[in-house]
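# Close look at the chain arrangement
Listed below are the residues making up each chain.
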Amino acid sequence: MNSSAMIKAVVENDMCIGCGACAAKSKNNAIKMRVNDYGFYVADVKEDIIDDDSIKVCPFNPNPDEQVRTENEIAALFLIESDNNNRKIGRYINTYAGHSVEHRLTSSSGGIATYALSELMRRGEIQHVISVKTASSSSIHYEYVVSSSIEQVGQAAKTKYYPVTMAEVLRKIQHLDGKVAIVGVACFIKAIRLMQVQDPEFRDKVAFLIGIICGGVKSTFFAEYLASKTGVSASEFSQPEFRIKEHSSSASDYSYGCLDAKNEKHTVKMRSVGDMWGTGLFKANACDFCDDVTTELADISLGDAWLAPYSNDGRGTNVIVTRSRLADEIIQTGMMKGSLVIEEIYPEKLIASQQGSFNHRHDGLLYRINANKDYSHVIPFKRFDENRLSVLLKIVHSLRMHARKKSLVVWSQTKNAADFDNAMHRTLYWLKFFTKMSHYQRAIIKRVKKVLVK
């Protein structure tokens, strides 16, 4: 099967994540990116595509070369300075939790990404940053853009739970004077590494990667649904803001906000909306087959510290994994200067801060692969294939897959939060019920084990 046919197979089997690496690499613009009917970017391959190696940079390539078979092999090519290795978090130098004094309040979490990028620019390690900002086009809300100053980098702060593609901006890299840092989620960072493997000049040009620990790529439907929950029409909202902090409260007590047609702001507390992450609503199918929880291929990986005492602070705290000496030196120097308030934490504590994601992506992976035999041939080889699920957890994972898929179909038909909630009520009720049952079962097993040990 040639490259174009393989990319088509990835798209047709709903395994394309929309990163745009294949489009950037394709000859004669033979691959373009489009938004599909369910609000995700996907590759659009021309029938007369010139055969090339575009599939080799796809993070969900079902038949990768042996040297890049999994994140383990790719990390061995790039992260040679990482002396430590953890099966769950990958290669690393150190693990931390903390925040940037200057950037914390203007960021979604602890502001470490903005701090690190600013420091890289000050030191002359990079001259440009590629990250997600408000789009210049009114037809989309966010896009990848190039920032060439510290001030511009600061304008890109805050997480955007909105689909984007790197296709256009990756084509610009070769024309930029100087070196580049790129910010992305795990699958996007993997695509960048694969491009570096394929192209030595690109490898030299991209000097630093910041990885965002991700709970799953969301459809455009997610922003539309939340806008509708604020009382703004899904077709009229603008400037969606996904993480409006409540500084005096806890980290999870944040709001979504957007503007209506009159440029008046509307907000809704995310707690009142319900579980948007554990249920898998509006999430890309490919995310259910990603086993990289901590963005293992970046120079530094950053996420939210969803663990007490950090989660009790509404101003936000990052968990941090350094994987290159430059990344670790930036953190250590920031600590010594007082620019960063950081403490070293054990890897086990970092894992605990993302435990829900590990449970889903690692423990449930084999079950999801087996449950999707019709397209298992396009699912890449995975590192976590243990059968660890109880009967209750298999029901939870089955319902979660159903809820994810149904949410996209229902929203495409309703475009109204009230109608959507009514249509999804029964599915989400049973998902919540069996999730609770599995938690009770786990608690009982723990108690029994304690008694037996005594």
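See above for the structure.
To keep things clear, this report deals only with the structure shown in the data block.

Reading guide: rules and limits
Residues numbered from 1 in each chain as written. Predicted model: local features only at pLDDT ≥ 70, side-chain atom pairs only at ≥ 80, totals over all residues. Heavy atoms only, no water. Pairing = 2+ DSSP bridges. Helix = DSSP H or I, 4+ residues; strand = E, 2+ residues; numbered from the N terminus. Axes fitted to C-alpha atoms, helices over the stretch in contact; angles between N-to-C directions. Contact = heavy atoms within 4.5 Å. Disulfide = S-S within 2.5 Å. Buried < 20%, exposed > 50% of the residue type's maximum accessible area, 1.4 Å probe, protein only. Patch = residues over 30% accessible without salt bridge, like charges linked within 9 Å, V, L, I, M, F, W, Y side chains within 5 Å. Areas by Shrake-Rupley, 256 points an atom, 1.4 Å probe, with all protein chains shown as cover. Salt bridge = Lys/Arg side-chain N within 4 Å of Asp/Glu carboxyl O. Phe/Tyr/Trp six-rings, centres within 6.5 Å; stacked < 30°, edge-to-face > 60°.

Moving on to the sheet that holds strand 10 (residues 238-244). The three strands lie next to each other as 10-11-12, forming an open sheet whose pairing is antiparallel. For this open sheet the edge positions go to strand 10 and strand 12 (265-269), each flanked by a neighbour on one side alone. Across the sheet, the mean angle from the axis of one strand to that of its neighbour is 15 degrees, orientation sign disregarded. The pairing of strand 10 with strand 11 (residues 255-259) spans three bridges and is classified as antiparallel. Looking across to strand 11, one finds that Ser-238 is bridged to Leu-259. The strands touched by helix 9 (residues 220-230) within the sheet are strand 10, strand 11 and strand 12, with strand 11 carrying the most contacts at an inclination of about 85 degrees.

Following the criterion strictly, the structure yields zero disulfides and no others. Not engaged in a disulfide, the cysteine Cys-187 finds its nearest cysteine sulfur in Cys-287; these two sulfurs lie 6.2 Å apart. With relative accessibility at 10%, the residue Cys-187 sits in the buried group. Summary of cysteine pairing: Cys-290 is not part of a disulfide, and the nearest cysteine sulfur, belonging to Cys-187, is at 6.4 Å.

A separate point is a nonpolar patch on the surface. Judged by side-chain polarity, Tyr-429, Trp-430 and Phe-433 come together as a nonpolar surface patch covering roughly 300 Å² of accessible area. Judged by its relative accessible area of 32%, Phe-433 is partly exposed.

We now examine the packing of aromatic side chains. Applying the stated criterion across every chain, the model contains 21 aromatic pairs. Seen in terms of ring centroids, Tyr-144 and Phe-188 are 6.1 Å apart; in terms of plane orientation they differ by 25 degrees. Their pairing is stacked. Residue Tyr-144 is located in strand 7 (residues 142-147), and its partner Phe-188 is located in helix 7 (residues 186-198); the two are separated by 44 residues in the primary sequence. When sorted by exposure, Tyr-144 lands in the same class as Phe-188, which is buried. Both rings, one in Phe-282 and one in Phe-420, keep their centres 5.1 Å apart while their planes meet at 25 degrees; by these two values the pair is stacked. Residue Phe-282 is located in the loop between helix 10 (270-273) and strand 13 (300-304), and its partner Phe-420 is located in helix 16 (residues 417-453); the two are separated by 138 residues in the primary sequence. Overall, the relative accessible area of 0% leaves Phe-282 in the buried class.

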